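Geometric and topological summary
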Amino acid sequence: MIVSAGGVLNMESANRAFGLAWITFLLVWIAAVGFSKPQARTTSAVNRIVYSMILLAGFLLIFDRRIQIGWLRTPIWHTTLAVAFTGAAVTWAGVLFAIWARFTLGSNWSGQPMVKVNHELVVKGPYRLVRHPIYTGLFFAGLGSVILVGRWCVVPGIILVFIGLMMKMAQEERLMTETFPAAYPDYRGRVKALIPFVF
């Protein structure tokens, strides 16, 4: 236990900060749903169901503590207070980056790969750094969750989340290329997908 000027810092406060990050993410997403343009076109329902199920399976492995399948629940490392707060901090960084991207995207956002009526190609804010900053934020929030949870179940969980996001991203890339045949290939050539200057 660490005592600071602001009070006591312990595992409970680290877990509380971690949980608050994800609650903030969910509340922002729910509140912003009504501020999107109408749908113009989207991908097939089958494609959306497949990646959604993969993402759901991944997040359940990371967050559902009722999963008690042998080695999946065994610890990868000892979660010290420093490790727990590192995980919470990385989770918050990812969540805040995703929220920044969500507000930058504005009414062009959608929860599924789709093109909106009068859709705009947004290339400002976090979209100057990566083409899919919401996914970047989610990936790092997931990584922070892995650090804090520290059990083997998070390994297949984060892999499934990554696969699901890659499938969703591929569908969005195709829609954007079709919608902006001149501008999007140029943008894609200049800006990496998820990690600045890397990938």
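**Considering the confidence of the model for the chain**
Of the residues in the chain, 95% reach a pLDDT of 70 or more, and the chain-wide mean stands at 88. Element-level mean pLDDT values for the chain span from 38 in strand β1 (residues 2–4) up to 96 in helix α6 (residues 183–190). Here residues 1–7 is modelled with pLDDT under 50, and outside its nearest four sequence neighbours on either side it reaches nine contacts, counting other chains as well.

**Structural notes on the packing of aromatic side chains**
With the rule as written, the count across this model stands at eight aromatic pairs. Seen from their ring centres, Trp29 and Trp109 are 6.2 Å apart, and the 85° between their planes marks the pair as edge-to-face. Of this pair, Trp29 sits in helix α1 (residues 11–32) while Trp109 sits in the loop between α3 (81–105) and β4 (114–116), placing them 80 residues apart in sequence. In this structure Trp29 comes out as buried when scored by relative accessible area, which is 13%. Judged by relative accessible area, Trp109 falls into the buried class, the value being 10%. Relative to Phe140, the ring of Phe139 lies with its centre 6.0 Å away and its plane at 85°, an arrangement referred to as edge-to-face. Judged by relative accessible area, which is 27%, Phe139 ranks as partly exposed.

About the thresholds
Residues numbered from 1 in each chain as written. Predicted model: local features only at pLDDT ≥ 70, side-chain atom pairs only at ≥ 80, totals over all residues. Heavy atoms only, no water. pLDDT = per-residue confidence, 0-100. Helix = DSSP H or I, 4+ residues; strand = E, 2+ residues; numbered from the N terminus. Contact = heavy atoms within 4.5 Å. Phe/Tyr/Trp six-rings, centres within 6.5 Å; stacked < 30°, edge-to-face > 60°. Buried < 20%, exposed > 50% of the residue type's maximum accessible area, 1.4 Å probe, protein only.

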